[in-house]
Amino acid sequence: MDANFWHQRWSNNEIAFHESEANPFLVKYFKELPVSKGSRIFVPLCGKTLDIAWLLSKGYRVAGAELSQIAIEQLFSGLGVEPTITKLGELDRYSAENIDIFVGDIFQLNEAALGTVHAIYDRAALVALPEEMRDRYTTHLMKITHNAPQLLICYEYDQTLIGGPPFSIQNEEVRKRYSDHYQLNLVETKEVPGGLKRVCPAEENVWLLQKK
């Protein structure tokens, strides 16, 4: 899976993954992370998620990374603000009050450009990547955020029945990738109503990852 896949999805408005309201797991569990108002939250592969508006409304600052320029233009339009756009090497930074979104390849984003991060909210990044990219992603994420605590949401289902994204992330995989650096707490498992894409049974697993 390469960048063209996601550019095509956004260009064709094939974004069934985009939710029409703030994610209920975010609303329910974000308060369990050790952050206070004014903290800066990193949302990797954020798209135009309404979760960002929710975080801003609760007094947090937001940083995000997203491949698609279309998605971020729509994000700022939905927020009703005009971003300032700055070139940072291979990335473009879209900034406004309390928000910075880095547009381009997340692997081009380094810790100096990203700046301070107090927590990570990953609903759409880990599940968007095929297995061969997930090790690189998790290693990179921990490096640029200095192992900031995470609220992580994953799907788990029979990957032989349907192709991703979103990809199935087994609980064992979460432990394998993160247990050396975090205390892991699986706080909720919930069946996906009607199954994933109405094709196969699936569960959503909600994890809190606290820095060791």
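Nothing here was measured: the structure is a model prediction, and the numbers come from that model. (Residues numbered from 1 in each chain as written. Predicted model: local features only at pLDDT ≥ 70, side-chain atom pairs only at ≥ 80, totals over all residues. Heavy atoms only, no water.)

**Remarks on the nonpolar core**
Alright, step 1. Grouped together as the largest cluster of nonpolar side chains are 35 residues, with contacts concentrated most on Phe42, Leu109, Leu114, Tyr137, Leu152 and Tyr178.
Alright, step 2. Apart from residues lying up to four places away in sequence, Tyr178 is in contact with Tyr137, Thr138, Leu141, Met142, Gln150, Leu152, Leu184 and Leu209.
Alright, step 3. Ile52, Trp54, Leu55 and Tyr60 belong to the second-largest nonpolar core, a separate cluster that totals 27 residues. (Core = buried A, V, L, I, M, F, W, Y, C linked by side-chain atoms within 4.5 Å. Buried < 20%, exposed > 50% of the residue type's maximum accessible area, 1.4 Å probe, protein only. Contact = heavy atoms within 4.5 Å.)

**Brief notes about the side chain of Thr145**
Alright, step 1. With respect to the helices, strands and loops of the structure, Thr145 is situated in helix H6 (residues 131–145).
Alright, step 2. The class for Thr145 is buried, based on a relative accessible area of 3%.
Alright, step 3. For Thr145, the residues in contact, after removing those within four places along its chain, are Phe42, Leu114, Val117 and Ile120. (Helix = DSSP H or I, 4+ residues; strand = E, 2+ residues; numbered from the N terminus.)

**Quick notes on the sheet that holds strand S7 (residues 150–157)**
Alright, step 1. Pairing in this open sheet of nine strands is mixed, and the strands run S3-S4-S5-S2-S1-S6-S7-S9-S8 from one edge to the other. Either end of the sheet is taken by a strand with one partner, and the two such strands are strand S3 (84–88) and strand S8 (182–191). Pairs of neighbouring strands in the sheet enclose a mean axial angle of 20°, with direction left out of account.
Alright, step 2. In the sheet, strand S6 (residues 119–122) pairs with S7 via three bridges, with the strands oriented parallel. Its bridge partner lying in S7, Ile120 is registered against Gln150. (Pairing = 2+ DSSP bridges. Axes fitted to C-alpha atoms, helices over the stretch in contact; angles between N-to-C directions.)

**Quick word on the packing of aromatic side chains**
Alright, step 1. Applying the stated criterion to the full structure yields four aromatic pairs.
Alright, step 2. Both rings, one in Phe30 and one in Trp54, keep their centres 6.5 Å apart while their planes meet at 85°; by these two values the pair is edge-to-face. Placement of Phe30 in the loop between helix H2 (24–29) and strand S1 (40–44) and of Trp54 in helix H3 (residues 51–57) is noted, with a sequence separation of 24 residues between them. As far as burial versus exposure is concerned, Phe30 and Trp54 are alike and both buried.
Alright, step 3. Between Phe76 and Tyr94 the ring centres are 6.1 Å apart and the planes differ by 35°, which places this aromatic pair in the tilted class. Separated by 18 residues along the polypeptide, Phe76 in helix H4 (residues 69–79) and Tyr94 in strand S4 (residues 91–96) bring together distant segments of the chain.
Alright, step 4. Judged by its relative accessible area of 4%, Tyr94 falls in the buried class.
Alright, step 5. Connected via pairs of aromatic rings, a cluster forms that spans Phe30, Trp54 and Tyr60.
Alright, step 6. Arg136 extends its terminal NZ or CZ atom over the ring of Phe107, reaching a point 3.8 Å from the ring centre. (Phe/Tyr/Trp six-rings, centres within 6.5 Å; stacked < 30°, edge-to-face > 60°. Lys NZ or Arg CZ within 6 Å of the ring centre and 35° of its normal.)

**Details of the pattern of salt bridges**
Alright, step 1. Scanning the model with the defined rule gives seven salt bridges in all.
Alright, step 2. Where Lys28 meets Glu188, a salt bridge forms, and the shortest distance between an N and an O atom there is 3.0 Å. A residue pair is termed long-range when its members are at least 10 positions apart, and Lys28 in helix H2 and Glu188 in strand S8 qualify at 160 residues.
Alright, step 3. Residues Lys87 and Asp92 are paired through a salt bridge, measuring 3.5 Å at the closest nitrogen-oxygen approach.
Alright, step 4. What makes Asp92 partly exposed here is its relative accessible area of 22%.
Alright, step 5. When salt bridges that share partners are traced, they join Arg134, Asp135, Glu173 and Arg177 into one network. (Salt bridge = Lys/Arg side-chain N within 4 Å of Asp/Glu carboxyl O.)

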